[in-house]
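In case you want the letters, here they are:
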Amino acid sequence: MTTASPSGSEELGRGLGTDYLLIGESLTEAELDYLERTRRFVDDEVLPVIVDHWERADFPFALARRLGELGLIGDGLEGEGIPAMSPLAAGLINMELNRGDGSLGTFLGVQAGLAMRSIAYLAPRSRGRAGCPPSRGPRRSAPSR
Amino acid sequence: MALETTARREGDEWVLEGAKRWIGNATIADVTVVWARDEADGQVKGFLVEGDPAGWEATRIEGKGSVRAVWQADITLAGVRVPDSARLPGGETFKDTGRVLAATRLTCAFAALGHAVGAYEVALTYCKEREQFGQPLVGFQIVQEKLVRMLAEVTSMQLYCLQCARLTDEGKLRDTFAGLAKMNNTIKARQVIAEARDLLGGNGILLENHVMRHMVDIEAIHTFEGTATIQALIVGRDVTGVAAFT
């Protein structure tokens, strides 16, 4: 017969750091720091609340703001106010965020990957009001193709 | 390239006309990047639209079964006016926008890897904790074999991502490399997540166990930034020298 089910247990979903071929050993200290910072954010702040947001189709504004506060919005771009990170660090942040939740991952992909990247690549020098949106502030941007 | 939104220069301003679908974050954005075809030279140019100007409308798309906690919109631009200073100076052709999309394609490969890892790790934790017939699920040969096959796929996805990120760092990433990584990782992620769902049995369909959310959310990633089929055709053109699409 069935025993007590671990369904919904707090352990379920927490990161195990799967890395069978020891890729982590080739990461720089900065890359490891971004990876671990995102993992803690996902385990401690995203997973406990995200199912409710998802089910209600409710955008988690507070979590999006936390991404900025934690210095995770940059995607390897260069610019004033954008935290510096290697392409691998940027990828690891996206990986880890999506391990937690695809909606937040998609938000970051749009905000940094598409909108901020369009501005950074195509208007590299900030020109006042048309400059790169700050990555830490509440301003958000959307790409439209 | 079927980009139908138009831009028309009038003095120091540009007038934008058109409609777009699936614009991420558009209902909550302070600034929106809009691509439009210049009526004068036929080239695609980028513009920053700030706030909620006259003629601008963004309507949230509702009823999604994937990535439900992030919002996309239908937008219409009915004669929206922006100053010339809002034009992205480097974005003069569609080729310029292509550079942006090549980078985000690799992001998708990393995202798919994240979904697969998430599902694999839930399955591993669950199968260690849950007992059936007097022993944990991980004690059964068929469970171990499934878990290790999932691990093998996750590991191959990690290696794709690692190498492509290194190539990006060296300035050597080609859009076909990113396309191959995205195609491989989204297809494999779907398979890994489906196995995880199966290993959790009936509990696998409960949202509280996370795998079901990964299972439907991966569908969005499988599709946006170019579907797996499109990626295959881009790589196919590269390896065969023949474009099978127009």
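Everything here concerns the structure above.
As the structure is a computational prediction, the values presented were derived from the model and not from experiment.

A closer look at the packing of helix α3 (residues 175-199) of chain B against helix α4 (residues 211-223) of chain B
All names here are of chain B.
At step 1: Closest axis-to-axis distance for the α3/α4 pair is 9 Å, and the angle between their directions is 160 degrees. In terms of orientation, α3 and α4 fall into the roughly antiparallel class. Like other packed secondary-structure pairs, α3 and α4 cross with a definite hand, here left-handed. Touching K182, T186, I187, A189, R190, I193, A194, A196 and R197 of α3 are V211, M212, H214, M215, I218, E219, I221, H222 and T223, all from α4.

Considering the packing of aromatic side chains
At step 1: Per the stated rule, a full pass over the model turns up six aromatic pairs over all chains.
At step 2: Seen from their ring centres, F59 of chain A and F107 of chain A are 5.2 Å apart, and the 50 degrees between their planes marks the pair as tilted. Here F59 of chain A, found in the loop between α1 (29-55) and α2 (61-69), pairs with F107 of chain A, found in helix α4 (residues 102-122); they are 48 residues apart in sequence, far enough to count as distant.
At step 3: Judged by its relative accessible area of 2%, F59 of chain A falls in the buried class.
At step 4: Measuring from centroid to centroid gives 5.9 Å for F61 of chain A and W71 of chain B, while their planes differ by 75 degrees, and the two rings are edge-to-face.

Structural notes on helix α5 (residues 228-240) of chain B
Residue and element names in this part refer to chain B.
At step 1: Relative to the 18 Å expected for 13 residues at 1.5 Å per residue, α5 spans 18 Å between its end C-alpha atoms, a close match to the ideal helical length.
At step 2: Listing the buried residues of α5 in full gives A228, Q231, I234 and V235. Taken around the axis of α5, the buried residues stretch over an arc of 125 degrees, which confines them to a single face. Of the residues in α5, the exposed ones pointing more than 90 degrees away from the buried face are T229 and T240.
At step 3: Looking one or two residues beyond α5, the residue adopting positive phi is G241, at roughly 80 degrees.

Procedures and definitions
Residues numbered from 1 in each chain as written. Chains lettered and ligands numbered in written order. Predicted model: local features only at pLDDT ≥ 70, side-chain atom pairs only at ≥ 80, totals over all residues. Heavy atoms only, no water. Axes fitted to C-alpha atoms, helices over the stretch in contact; angles between N-to-C directions. Helix = DSSP H or I, 4+ residues; strand = E, 2+ residues; numbered from the N terminus. Parallel < 35°, antiparallel > 145°, perpendicular 65-115°, else oblique. Left-handed = near helix turned anticlockwise from the far one by under 90°. Contact = heavy atoms within 4.5 Å. Phe/Tyr/Trp six-rings, centres within 6.5 Å; stacked < 30°, edge-to-face > 60°. Buried < 20%, exposed > 50% of the residue type's maximum accessible area, 1.4 Å probe, protein only. Expected span 1.5 Å × (residues − 1). Arc of directions from axis to C-beta.

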